[in-house]
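Here is what each chain is made of, one letter per residue.
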Amino acid sequence: METDCNPMELSSMSGFEEDAELNGFEEADMKDMKLEAEAVVNDVLFAVNNMFVSKNLRCADDVAYINVETRERNRYCLELTEAGLRVVGYAFDQVDDHLHTPYHETVYSLLDTLSPAYREAFGNALLQRLEALKRDGS
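Let me begin by describing the structure that accompanies this report. From a predicted model like this one, the values you see are computed outputs, not experimental measurements. (Residues numbered from 1 in each chain as written. Predicted model: local features only at pLDDT ≥ 70, side-chain atom pairs only at ≥ 80, totals over all residues. Heavy atoms only, no water.)

As for the overall build of the chain
Next, step 1: Of the regular secondary structure elements, the chain holds 3 helices and 6 strands.
Next, step 2: For the chain, the N- to C-terminal ordering of α and β elements is β-β-α-β-β-β-β-α-α.
Next, step 3: When burial is assessed residue by residue, the chain has 42% of its 138 residues classed as buried.
Next, step 4: Summarising the internal contacts of the chain: among those between residues at least 6 apart in sequence, 46% fall at separations of at least 24.
Next, step 5: Of the roughly 8300 Å² of accessible surface on the chain, 47% is carried by carbon and sulfur atoms. (Helix = DSSP H or I, 4+ residues; strand = E, 2+ residues; numbered from the N terminus. Buried < 20%, exposed > 50% of the residue type's maximum accessible area, 1.4 Å probe, protein only. Contact = heavy atoms within 4.5 Å. Areas by Shrake-Rupley, 256 points an atom, 1.4 Å probe, with all protein chains shown as cover.)

In structure tokens:
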């Protein structure tokens, strides 16, 4: 089950903005990736064992690093850039320059590929949310 939405609607990640043209000049709308990373963490923290923005790896306007431990107890270091999210290491705060993993547009897609327990937790949360909506609508 691959999903690109947050059933809990904990916070909204605005996505990645495209370049804008202003008076004939291109101006990139740079986002503070640390803020984006914090939003990513808040969106899926309910479905993993642990997840936090790295304090040891540098965050900049164009890159941030997120450490995640899945419910299977596997640890990953994720890189967040304008291109999306990808695994860059198999331990907290580890960046392996020789690792070439694919980018994912959303954290939901990335975790869906890494963690069957995330997929189950996400599905259960979605089901609970739908049941709550049904109760509220009755």
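Thoughts on the environment of methionine 51
Next, step 1: Examined against the element boundaries, methionine 51 turns out to sit in strand β3 (residues 50-53).
Next, step 2: Contact partners of methionine 51, with chain neighbours within four places excluded, come to Val40, Val41, Val44, Leu45, Ile66, Asn67, Val68, Leu78 and Val107.

Describing the pairing of strand β6 (residues 84-89)
Next, step 1: For β6, the buried fraction is high: 6 of the 6 residues fall into the buried class.
Next, step 2: Both strand β5 (residues 75-81) and β6 contribute to a ladder of 5 bridges, which runs antiparallel. In the sheet register, threonine 81 faces β6, and the bridge partner there is glycine 84.
Next, step 3: Linking β5 to β6, which pair antiparallel, is a turn of 2 residues. (Pairing = 2+ DSSP bridges.)

Thoughts on the environment of asparagine 74
Next, step 1: Positionally, asparagine 74 belongs in the loop between β4 (64-69) and β5.
Next, step 2: Residue asparagine 74 is classed as partly exposed on the basis of its relative accessible area of 33%.
Next, step 3: Apart from residues no more than four positions distant in its own chain, asparagine 74 is found in contact with Val68 and Glu69.

As for unusual backbone geometry
Next, step 1: A positive phi is found at arginine 73, a non-glycine position, where the angle reads about 75°.
Next, step 2: For arginine 73, the position within the fold is in the loop between β4 and β5.
Next, step 3: In this structure, aspartate 93 takes a positive phi of about 55° despite not being glycine.
Next, step 4: Structurally, aspartate 93 can be placed in the loop between β6 and α2 (107-114).

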